[in-house]
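# Summary of the model geometry
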There are 4 protein chains.
Amino acid sequence: MVVVMAPEATESDIDNIVALVGAAGGEAFVSRGVNRTIVGLVGDIERFGTLNLRGQRGVSDVVRISAPYKLVSRENHAERSVVRVGGVPIGPGTMTLIAGPCAAETPDQTLQGALMAKAAGASLLRGGAFKPRTSPYAFQGLGEAGLKILADVRAETGMPIVTEVVDARDVELVAEYADMLQIGTRNTQNFALLQAVGDAGKPVMIKRGMSGTIEEWLMSAEYVAQRGNLDVVLCERGIRTYEKATRNTLDISAVPVAQRLSHLPVIVDPSHSGGRRDLVLPLTRAAIAVGADGVIIDVHPHPETALCDGPQALVHADMAELAELVQALPPVVGRRLTPAPEKVVAG
Amino acid sequence: MVVVMAPEATESDIDNIVALVGAAGGEAFVSRGVNRTIVGLVGDIERFGTLNLRGQRGVSDVVRISAPYKLVSRENHAERSVVRVGGVPIGPGTMTLIAGPCAAETPDQTLQGALMAKAAGASLLRGGAFKPRTSPYAFQGLGEAGLKILADVRAETGMPIVTEVVDARDVELVAEYADMLQIGTRNTQNFALLQAVGDAGKPVMIKRGMSGTIEEWLMSAEYVAQRGNLDVVLCERGIRTYEKATRNTLDISAVPVAQRLSHLPVIVDPSHSGGRRDLVLPLTRAAIAVGADGVIIDVHPHPETALCDGPQALVHADMAELAELVQALPPVVGRRLTPAPEKVVAG
Amino acid sequence: MVVVMAPEATESDIDNIVALVGAAGGEAFVSRGVNRTIVGLVGDIERFGTLNLRGQRGVSDVVRISAPYKLVSRENHAERSVVRVGGVPIGPGTMTLIAGPCAAETPDQTLQGALMAKAAGASLLRGGAFKPRTSPYAFQGLGEAGLKILADVRAETGMPIVTEVVDARDVELVAEYADMLQIGTRNTQNFALLQAVGDAGKPVMIKRGMSGTIEEWLMSAEYVAQRGNLDVVLCERGIRTYEKATRNTLDISAVPVAQRLSHLPVIVDPSHSGGRRDLVLPLTRAAIAVGADGVIIDVHPHPETALCDGPQALVHADMAELAELVQALPPVVGRRLTPAPEKVVAG
Amino acid sequence: MVVVMAPEATESDIDNIVALVGAAGGEAFVSRGVNRTIVGLVGDIERFGTLNLRGQRGVSDVVRISAPYKLVSRENHAERSVVRVGGVPIGPGTMTLIAGPCAAETPDQTLQGALMAKAAGASLLRGGAFKPRTSPYAFQGLGEAGLKILADVRAETGMPIVTEVVDARDVELVAEYADMLQIGTRNTQNFALLQAVGDAGKPVMIKRGMSGTIEEWLMSAEYVAQRGNLDVVLCERGIRTYEKATRNTLDISAVPVAQRLSHLPVIVDPSHSGGRRDLVLPLTRAAIAVGADGVIIDVHPHPETALCDGPQALVHADMAELAELVQALPPVVGRRLTPAPEKVVAG
């Protein structure tokens with residue numbers, strides 16, 4: 001941590017900083033420049049955080065040098081982690097395809113979506129029973145009925161389930177059915193929800209906030225980790241920018257950046273990033289090539305009747321190309337497609 | 001609603017749209033251009049929403065013409081609303097100053113902050129007991145103990161309380177103490193929380209999402225209104241942009257824009273917008289001059305020891321200038337400062 | 001300047017930095033933390049800039065502490081400057097209204113616009129002869145014919161002229177007619193143009209880049225100042241964000257921030273910020289209240305026939321309110337409206 | 001084009017629009033909804049543009065349906081174009097590697113950089129002689145001396161030259177030496193420069209504006225095309241967002257989006273996007289996988305002494321991996337690496 005003094009700071013202002021740091025058990029190194037003085041701090045950064053250094057007289061800026069996240073940081077955990085979801089690995093060496101319908105609407109639609117996904121190479125099934133919607137008048141998911149549909153389809157296909165939870169009061173219920181709990185982009189800083197899923201004993205996928213920084217995303221993961229749950233997967237899903245040709249702007253660089261900062265697996269959601277069916281396959285190729293540990297894709301047997309996000313779902317006509325690319329591309333980056341599980345592994 | 005056909009759309013694609021709209025009880029008007037055909041839709045927009053028009057063959061774009069919010073819209077409610085918080089009005093004609101410490105830390109600090117606020121002209125007391133923090137290691141508020149402190153200070157000063165709630169499970173508890181429930185910027189799309197405060201029977205203040213559009217903000221208010229609670233105040237608090245000189249970028253235009261679209265009162269938070277004490281008074285002046293129905297300001301008797309957001313709190317030395325400007329500026333825009341209540345009005 | 005070493009940096013990496021800095025005539029102070037070491041640099045920052053410190057082995061980050069602009073900085077020039085345009089002051093103590101049509105289209109339209117502006121309290125006339133347009137097919141201004149119209153209107157009204165120049169090859173021509181040269185938002189980093197206007201011997205107004213930081217804006221001013229021309233006025237005109245309700249997002253905080261960092265006057269363009277006529281007066285009030293040294297406003301006698309930006313121009317019906325507020329509001333912030341000049345002052 | 005009337009629009013307001021459109025030789029189709037009326041326009045959009053429809057009474061919005069660019073649009077030119085630079089193709093079927101130093105600093109450094117680039121598979125040499133720099137105190141390139149160095153290296157290596165021009169007054173000079181003229185991100189809306197390079201008779205590469213929309217980027221290309229020069233290549237180089245972990249946010253989706261809207265080739269600059277050497281290879285893989293027609297990469301024999309952008313240059317140690325991936329990856333997306341030219345082809 002570095003304290004930058006203002007040009008008009010006095011010697012007593014500098015002495016004050018040195019004394020405060022010393023009283024907190026740290027050491028302060030003073031470097032005097034022509035216009036400004038800086039003070040380098042060594043010691044327990046948590047204790048420095050309570051000193052309100054920025055509010056002291058003569059202080060112009062406080063620059064944090066080390067990361068505010070610890071458990072998810074790669075600094076003390078150099079090896080990248082593998083998270084297992086119902087036995088299916090997500091992590092280095094593999095490329096895991098997660099696919100399925102945006103929402104579980106009917107048993108038939110969900111099963112058909114799952115079979116499309118599995119045929120294309122998916123080893124995990126995505127599908128929503130609780131949907132966060134901008135409008136209170138829009139379809140909000142089937143709730144527990146949707147979870148039951150997903151569980152039935154898991155029994156039929158052997159694919160573990162990834163599904164979203166949007167309310168801390170529902171975590172227990174969702175965790176009964178799900179193999180992985182998904183935190184959506186609008187809830188990335190719903191800290192009560194993060195703590196609840198941290199306590200639920202199931203792997204967690206955290207989407208990046210719609211305008212969240214990579215650091216904030218890692219802090220959200222830290223909230224889960226702090227409850228003792230390190231089975232966390234990060235999912236880049238596009239950020240909000242001024243560009244309106246796509247629903248969001250896929251920040252493809254976030255994958256290698258987050259993988260360098262954290263040991264957690266990082267996957268990509270090309271469906272919600274672009275919000276357009278015609279972009280899903282190109283963005284999937286980009287995600288695999290950049291080194292993502294997996295991708296999560298919307299598919300729908302009949303998107304023209306979908307109750308949610310139909311325009312971005314892949315359809316039957318796209319499946320052959322998807323199946324081919326998830327086989328062909330991972331080896332170019334030293335990975336192989338994660339095989340589908342033979343039978344259900346209890347979540 | 002307007003459906004824009006792709007240049008390569010066929011007659012049968014166009015006929016399909018017309019038929020779908022007709023089957024949903026609407027009318028479709030076809031306009032054929034040189035390169036493109038557009039179809040204008042008349043009828044029940046909610047029903048059209050289920051048609052997945054964007055997913056139909058030959059459709060290039062679907063342009064919504066009318067607003068997706070209804071209860072909070074000014075279209076059917078031309079007169080601007082007044083929301084009363086423990087008897088204190090927020091709305092047209094007045095300018096209401098809400099002030100107090102960011103967090104209730106101790107009884108003494110909260111009382112001192114409240115007295116500073118009241119002396120400057122504040123009629124409502126702000127103060128947090130539940131604080132959403134980016135880091136799980138940061139101070140998260142005193143919880144119910146903080147609420148009790150706030151209630152004691154209300155009894156002493158007569159100022160009704162505005163306080164944040166961050167978890168749907170806490171709404172009942174917070175509503176027992178608070179006169180107005182505040183939804184923070186990170187929870188603006190926490191729809192379960194919005195519904196819970198909609199049911200709580202207390203006025204609600206909704207901060208704009210950190211990167212929320214004005215339309216999304218109004219949709220958040222619609223969630224509360226849809227539960228039968230129209231006592232909603234909107235609070236602009238700066239949005240996230242690339243500019244790093246300020247904590248957020250105060251979108252001052254959002255005040256007149258939201259007031260034109262919605263009948264709800266709109267206030268401004270100059271403290272969190274700038275994140276810098278030296279900007280609070282200039283931004284307060286801008287907010288009043290642009291026509292805000294109120295401002296909400298952090299004050300702290302000893303910001304150098306504040307556990308939360310110390311750098312942006314006004315201090316004793318700023319109070320005289322604040323007191324003067326909240327008296328002098330409102331009349332220039334046809335308003336007057338809302339007077340402090342004589343005694344406690346039950347929330 | 002502070003060099004932050006990576007956790008894995010070796011002693012020899014640190015020694016290398018110290019040696020490089022020493023060879024460049026500076027001093028390096030090493031502070032060793034638990035995880036990281038930082039090196040504080042004292043000396044000639046320009047020389048350090050050529051060392052490519054960021055590219056050295058073991059370096060994680062280089063944090064600049066002092067501002068990269070010098071001539072326009074307030075650090076060595078505490079008193080805020082007044083820039084005079086044809087005798088009309090822009091700076092502290094006054095609030096200067098610049099108004100006129102977006103483009104000079106005809107002699108009659110320009111004169112009528114100027115008379116509207118003057119009647120409302122404007123002391124300077126704005127009007128474009130060279131217009132930068134996104135489309136090559138849009139009206140690009142009348143060129144020298146437009147400049148002649150502006151000069152005739154100046155002779156008639158006594159109002160000095162502010163007009164844009166978009167091409168370094170035109171600077172000499174435009175400077176023959178104009179009293180102040182305007183650099184538009186798309187040319188804020190057209191460095192050849194900045195140098196050319198720096199050499200032209202006329203005051204310069206620099207609009208903020210459409211997505212320019214405040215620091216980049218000051219660097220653009222530094223380009224002009226470095227050619228010996230310190231008669232520079234900064235103009236905030238809204239920045240590009242994700243919000244689409246307004247053409248741009250007026251960054252009202254940029255006014256006090258830039259005034260604190262630089263001694264140059266800072267004005268606001270409420271017309272291009274909002275892009276909507278109904279926002280011009282509210283944003284003008286906000287600009288004056290926040291402490292702007294002036295505002296620049298589009299007016300048009302017949303906006304329904306305007307060749308450029310008609311939707312944002314104030315019209316006859318708005319003039320009485322504008323005239324009243326530019327008189328009433330400045331005294332509240334310790335300023336007075338700059339009076340219109342009695343007669344032409346040679347530019 | 002669609003005109004959306006306000007809820008309060010009268011019949012005479014609607015009649016006025018119909019009459020205006022008719023007088024301009026177009027047809028207007030009126031669709032009356034419950035709350036609003038919309039008017040669909042058919043005819044010459046250029047003529048409608050002069051009607052100032054948005055400024056008419058009762059008009060709430062004007063929605064453009066077709067693209068404002070024509071010559072570069074794919075609507076009337078379905079086949080994707082190939083642009084040849086000194087004989088080297090950029091376009092569908094191939095993947096062209098452009099590489100070299102950010103700036104030509106010395107003959108030796110430039111030649112070494114070119115040889116590194118060629119060995120890795122580059123067929124075109126990048127290198128700057130005129131550098132746009134944020135600070136007037138930073139290295140601005142060697143000017144004509146730099147061009148001579150580049151020409152000498154072309155003679156030695158056979159690689160045609162891509163180099164930036166920043167001032168319309170320099171276009172003739174630069175075009176004497178260069179095989180392709182590059183327009184940098186800060187000059188994407190320097191329309192005088194775009195027109196000048198449009199007249200210069202050499203292929204042009206246009207970087208996307210730092211915060212430019214895809215539509216604005218295509219309009220910049222339209223400026224060049226309108227002067228009769230259709231040899232234009234678009235280059236995505238990252239856009240400005242709130243995320244600070246990377247210098248810019250590479251908008252990888254922009255590649256397929258722009259290729260769908262325009263017939264022009266689209267390439268990617270992974271060096272300036274990330275601004276970090278460790279991201280260059282991952283982003284290069286993403287660019288090739290998404291379907292880019294080429295990539296342009298900074299390489300430097302000794303980045304620790306580079307005068308410009310050293311931290312993002314690939315070095316000797318990266319070259320083997322680059323060489324391998326530009327061979328291995330293009331076939332996966334149906335392309336092959338463009339071979340280096342045998343000998344100099346006159347630019």
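Residues numbered from 1 in each chain as written. Chains lettered and ligands numbered in written order. Predicted model: local features only at pLDDT ≥ 70, side-chain atom pairs only at ≥ 80, totals over all residues. Heavy atoms only, no water.

### Notes on the sheet that holds strand β3 (residues 37-42) of chain A
Residues and elements named next belong to chain A.
- Ordered in space as β2-β3-β1-β4, the four strands form an open sheet in which the pairing is antiparallel. Strand pairing shows two members of the sheet lacking a second neighbour, β2 (27-32) and β4 (59-63), which therefore form its edges. On average, each strand axis in the sheet is inclined to that of its neighbour by 20°, with strand direction left out of account.
- Relative to β3, strand β1 (residues 2-5) runs antiparallel, the two being bridged by three bridges. Within β3, the position partnered with Val3 by the bridge is Val39. (Pairing = 2+ DSSP bridges. Helix = DSSP H or I, 4+ residues; strand = E, 2+ residues; numbered from the N terminus. Axes fitted to C-alpha atoms, helices over the stretch in contact; angles between N-to-C directions.)

### Section: the sheet that holds strand β1 (residues 2-5) of chain B
All names here are of chain B.
- Spatial strand order, β2-β3-β1-β4: four strands in an open sheet with antiparallel pairing. Bordering the open sheet on either side are β2 (27-32) and β4 (59-63), each of which pairs with just one other strand. Mean inter-strand twist for the sheet, computed between neighbouring axes without regard to direction, equals 20°.
- Each of β1, β2, β3 (37-42) and β4 touches helix α1 (residues 11-23); the most contacted strand, β2, lies at about 155° to it. (Contact = heavy atoms within 4.5 Å.)

### Observations regarding the packing of helix α10 (residues 277-290) of chain A against helix α10 (residues 277-290) of chain D
- It is the contact of α10 of chain A with α10 of chain D, at a shortest axis distance of 7 Å, that shows an interaxial angle of 155°. Taken as axis vectors, α10 of chain A and α10 of chain D run roughly antiparallel relative to one another. α10 of chain D is crossed by α10 of chain A, and the crossing has right-handed handedness. Facing α10 of chain A, whose interface residues are Pro282, Leu283, Arg285, Ala286, Ala289 and Val290 of chain A, α10 of chain D presents Pro282, Leu283, Arg285, Ala286, Ala289 and Val290 of chain D.
- When its residues are assigned to classes, the contact of α10 of chain A with α10 of chain D shows 10 nonpolar, no polar and two charged. (Parallel < 35°, antiparallel > 145°, perpendicular 65-115°, else oblique. Left-handed = near helix turned anticlockwise from the far one by under 90°. Nonpolar A, V, L, I, M, F, W, Y, C, P; charged D, E, K, R; others polar.)

### Here we look at the nonpolar core
- One finds Ile252 of chain A together with Ile252 of chain D to be the most contacted residues of the largest nonpolar core, which totals 155 residues.
- Counting 154 residues, the second-largest nonpolar core is a separate cluster that includes Leu314 of chain B together with Ala151, Val204 and Ile214 of chain C. (Core = buried A, V, L, I, M, F, W, Y, C linked by side-chain atoms within 4.5 Å. Buried < 20%, exposed > 50% of the residue type's maximum accessible area, 1.4 Å probe, protein only.)

### What to know about the relation of the copies chain A and chain B
- When chain A is fitted to chain B, the best match, at an RMSD of 0.1 Å, comes from turning it 180° and sliding it 0.0 Å along the axis. Expressed as an axis order, the relation between the two copies is that of a two-fold axis. Residue Ser211 of chain A of chain A places its C-alpha closer to the rotation axis than any other residue of that unit, at 3.1 Å.
- Taken together, the interface assignments show that 100% of the residues at the interface of chain A recur at the interface of chain B, consistent with an identical surface on both copies. (Least-squares fit on C-alpha atoms with pLDDT ≥ 70 in both.)

### A word on the interface of chain A and chain C
- Each side of the interface is counted separately: chain A has 22 residues, and chain C has 22 residues.
- Of the roughly 1,800 Å² buried between chain A and chain C on both sides combined, carbon and sulfur atoms contribute 69%.
- Contact with chain C buries surface across chain A, with Ile65, Glu75 and Tyr242 of chain A losing the most and accounting together for 26% of the total.
- Inspection of the chain A/chain C interface yields zero salt bridges.
- Going through the elements one at a time, β1, β2 and β3 of chain A are the ones with two or more residues in the side of chain A that touches chain C. (Buried area = accessible area lost by both parts, 1.4 Å probe. Salt bridge = Lys/Arg side-chain N within 4 Å of Asp/Glu carboxyl O.)

### Topic: the UniProt feature "domain: DAHP synthetase I/KDSA" (unreviewed entry) in chain A
- UniProt feature "domain: DAHP synthetase I/KDSA" (unreviewed entry): in the numbering of this structure it lies at residues 87-328 of chain A.
- Each end of residues 87-328 of chain A is marked by a C-alpha atom, and these two atoms are 24 Å apart; helix forms 40% of the span and strand 16%. (UniProt positions renumbered as here; feature names shortened; annotations may be inferred.)

### Structural notes on the pairing of strand β7 (residues 94-100) of chain C
Residue and element names in this part refer to chain C.
- Within β7, seven of the seven residues are buried, leaving the element largely enclosed by the surrounding structure.
- Side chains of β7 alternate between two faces, with Thr94, Thr96, Ile98 and Gly100 and Met95, Leu97 and Ala99 buried alike.
- Where β7 and strand β15 (residues 336-337) come together, two bridges link them in parallel fashion. Counterpart to Thr94 in the pairing with β15 is Arg336.
- Pairing of β7 with strand β8 (residues 124-126) involves two bridges; the strand directions are parallel. Bridging across to β8, Ala99 finds its partner in Leu125.
- You can see the chain leave β7, run along helix α3 (residues 107-120) and come back into β8, and the turn it takes is right-handed. (Right-handed = clockwise from strand over helix to strand, strands pointing away.)

### What to know about the packing of helix α3 (residues 107-120) of chain D against helix α11 (residues 319-328) of chain D
Residue and element names in this part refer to chain D.
- The N-to-C vectors of α3 and α11 enclose an angle of 40°; their axes lie 8 Å apart at closest approach. Viewed along their axes, α3 and α11 adopt a mutual orientation that is oblique. Judged by residue contacts, Met116, Ala119 and Ala120 of α3 engage Met319, Leu322, Ala323 and Val326 from α11.
- Residue composition of the contact of α3 with α11, grouped by class: seven nonpolar, no polar and no charged.

### Re the interface of chain A and chain B
- Counting from both sides, the interface comprises 41 residues of chain A and, opposite them, 41 residues of chain B.
- In total, chain A and chain B occlude about 3,300 Å² of area from one another, counting both sides; carbon and sulfur atoms represent 51% of this.
- When the buried area of chain A at its contact with chain B is split by residue, Pro136, Tyr137 and Arg240 of chain A rank highest and sum to 18% of it.
- There are two salt bridges connecting chain A and chain B.
- Here Arg240 of chain B ties to Glu216 of chain A by a salt bridge, and the two come within 2.5 Å at their closest N and O atoms.

### Quick notes on helix α7 (residues 214-226) of chain A
All names here are of chain A.
- Between its terminal C-alpha atoms α7 stretches 18 Å, which fits the 18 Å expected from 13 residues at 1.5 Å a residue.
- Within α7, 11 of the 13 residues are buried, which leaves the element mostly enclosed by the surrounding structure.
- Those residues of α7 not exposed but buried are Ile214, Glu216, Trp217, Leu218, Met219, Ser220, Ala221, Glu222, Tyr223, Val224 and Ala225.
- In the core, the buried residues of α7 are packed alongside α6 (191-198), β11 (204-207), β12 (232-236), α8 (254-261) and β13 (266-268).
- Two residues or fewer past α7, Gly228 is found with a positive phi of approximately 95°. (Expected span 1.5 Å × (residues − 1).)

### Observations regarding a nonpolar patch on the surface
- A contiguous nonpolar surface patch, about 240 Å² in accessible area, is contributed by Leu71 and Leu230 of chain A together with Tyr137 of chain B.
- By the element assignment, Tyr137 of chain B lies in the loop between β8 (124-126) and α4 (144-157). (Patch = residues over 30% accessible without salt bridge, like charges linked within 9 Å, V, L, I, M, F, W, Y side chains within 5 Å. Areas by Shrake-Rupley, 256 points an atom, 1.4 Å probe, with all protein chains shown as cover.)

### Thoughts on the relation of the copies chain A and chain C
- Under the fitted operation, chain A is carried onto chain C by 0.1 Å of movement along the axis and a turn of 180°, and the coordinates agree to an RMSD of 0.1 Å.
- A shared binding surface is used by both copies, with 100% of the interface residues of chain A retained as interface residues in chain C.

### Some details on the packing of aromatic side chains
Residue and element names in this part refer to chain A.
- One pass over the full model with this rule turns up four aromatic pairs over all chains.
- Both rings, one in Phe191 and one in Tyr223, keep their centres 4.5 Å apart while their planes meet at 20°; by these two values the pair is stacked. You can see Phe191 sitting in helix α6 and its partner Tyr223 sitting in helix α7, a full 32 residues away along the chain. Each member of the pair, Phe191 together with Tyr223, is buried. (Phe/Tyr/Trp six-rings, centres within 6.5 Å; stacked < 30°, edge-to-face > 60°.)

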